[in-house]
Amino acid sequence: MKKLILILLIASIMMSTVVLPVWAEMESLKQQEVDELETAIIDESKELIIQDQFRINITEKDLSVREGLDKEWKNILLLGTDTGSASLNHGRTDTMIILSVNIKTGQMRLSSLVRDMQVNIPYRDNLYKINVANAFGGPLLAIKAVNETFGLNITDYCSVNFSGFVKIIDSLGGVELSLDIAEAFIAGAALTTEPQVLNGTQALEYVRIRKLDNNFGRNNRQRILLSSIFEKIVSDSNMQQITTALSEVLKYMSTNLTLNEVLQLTLPVL
């Protein structure tokens, strides 16, 4: 009996010297994550990377889908990320847009979300800007946050980072837009108000313009560009060309939609 007590005592001492420092280190890392997050909320010039062990794992069965909404409308969350050195589904979302497609009539709507809005991020205790949901748990957590905030039924997403965005535009041969002189100057384009073709880098500078107005003006430019990209894909093209273009675009994106699902949404729009 005395030997058993001695063994248990030794074991408890070993655990206190081995396990507790590991636990303390994890707590320290967790606090470090919180500190970095709070700093990033104030200064968005800082890269926000949440380590995998502290990210929230969301499944497609846990998206807080609102039941009873019009099934003729398919809602998709479009995410644009400035990930820097991180992988695509990490970091803040610089852009969040809800693409709604009526699967019967082909009507489309683009609804921009102001990235600075304070919302409840699922499974977190505090209010945060909605654009950090992707940093906490990737596109699925971003979907869950949007569904809970606006009472929507989103289950699908398309996410692209800035480098992928540039490649998409360039792979399409550029995109035609009409800019005012101030926009053209900032984007590094020709100083004209006439329609002109922007390359990927110029298009990225255009949609990221902040100096001329506010988030609403910036969001409007993003919608204009997305509309122009889609018009370029579907205009004067046959289905083979459209399929090829969409296949190329999907190379630079992260999405839970298949090419067939994208084409099924494209057909009524055509």
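Asks: I'm lost on the packing of helix α3 (residues 162-171) against helix α5 (residues 200-207) in this one. Help?
Replies: Two quantities define a packed helix pair, namely the angle between the helix axes and the distance between the axes. Between α3 and α5, whose axes approach to 8 Å, the crossing angle comes to 125 degrees. Our classification of the angle between α3 and α5 gives oblique. In this structure, α3 crosses over α5, and the sense of that crossing is right-handed. Side by side, α3 and α5 meet where Phe162, Phe165, Val166, Ile169 and Asp170 of the first sit next to Gly200, Thr201, Ala203, Leu204 and Val207 of the second. Its residues assigned to classes, the contact of α3 with α5 shows seven nonpolar, two polar and one charged.

Asks: What is the right way to read the pairing of strand β2 (residues 93-102) from this model?
Replies: Each regular strand carries side chains that alternate between the two faces of the sheet. Most of β2 is tucked away, with 10 of its 10 residues classed as buried. In this sheet, strand β3 (residues 108-112) lies alongside β2 in antiparallel orientation, the contact comprising five bridges. When the sheet's bridge partners are listed, Ser100 is paired in β3 with Arg109. Joining the antiparallel neighbours β2 and β3 is a turn of five residues, in which Gly106 adopts a positive phi near 85 degrees.

Asks: How should I be thinking about the pattern of salt bridges in this particular structure?
Replies: Pairing is possible between side chains that carry opposite charge, provided their charged atoms lie close to one another. Enumeration over the complete set of coordinates arrives at 11 salt bridges. Here Lys129 and Asp116 are joined by a salt bridge, their closest N and O atoms 3.7 Å apart. Of this pair, Lys129 sits in strand β5 (residues 127-129) while Asp116 sits in the loop between β3 and β4 (118-120), placing them 13 residues apart in sequence. Its relative accessible area of 14% is what places Lys129 among the buried residues. Connected through salt bridges with shared partners, the residues Asp94, Arg115, Arg210 and Arg218 form a single ionic network.

Asks: What is the right way to read the pairing of strand β1 (residues 73-81) from this model?
Replies: The buried fraction of β1 is high, at eight of nine residues. Inspection of the sheet shows β1 paired to strand β6 (residues 156-161) by six bridges, in the parallel sense. If you follow Ile76 over to β6, its bridge partner there is Asp156.

Asks: What exactly am I supposed to notice about the packing of α5 against helix α6 (residues 215-234) here?
Replies: Running from N to C, α5 and α6 point in directions that differ by 145 degrees, and their axes come no closer than 8 Å. Mapping the contact onto sequence places Ala203, Tyr206 and Val207 in α5 and Arg218, Arg221, Gln222, Ile224 and Leu225 in α6. Taken together, the residues of the contact of α5 with α6 sort by class into five nonpolar, one polar and two charged.

Rules and cut-offs
Residues numbered from 1 in each chain as written. Predicted model: local features only at pLDDT ≥ 70, side-chain atom pairs only at ≥ 80, totals over all residues. Heavy atoms only, no water. Axes fitted to C-alpha atoms, helices over the stretch in contact; angles between N-to-C directions. Helix = DSSP H or I, 4+ residues; strand = E, 2+ residues; numbered from the N terminus. Parallel < 35°, antiparallel > 145°, perpendicular 65-115°, else oblique. Left-handed = near helix turned anticlockwise from the far one by under 90°. Contact = heavy atoms within 4.5 Å. Nonpolar A, V, L, I, M, F, W, Y, C, P; charged D, E, K, R; others polar. Buried < 20%, exposed > 50% of the residue type's maximum accessible area, 1.4 Å probe, protein only. Pairing = 2+ DSSP bridges. Salt bridge = Lys/Arg side-chain N within 4 Å of Asp/Glu carboxyl O.

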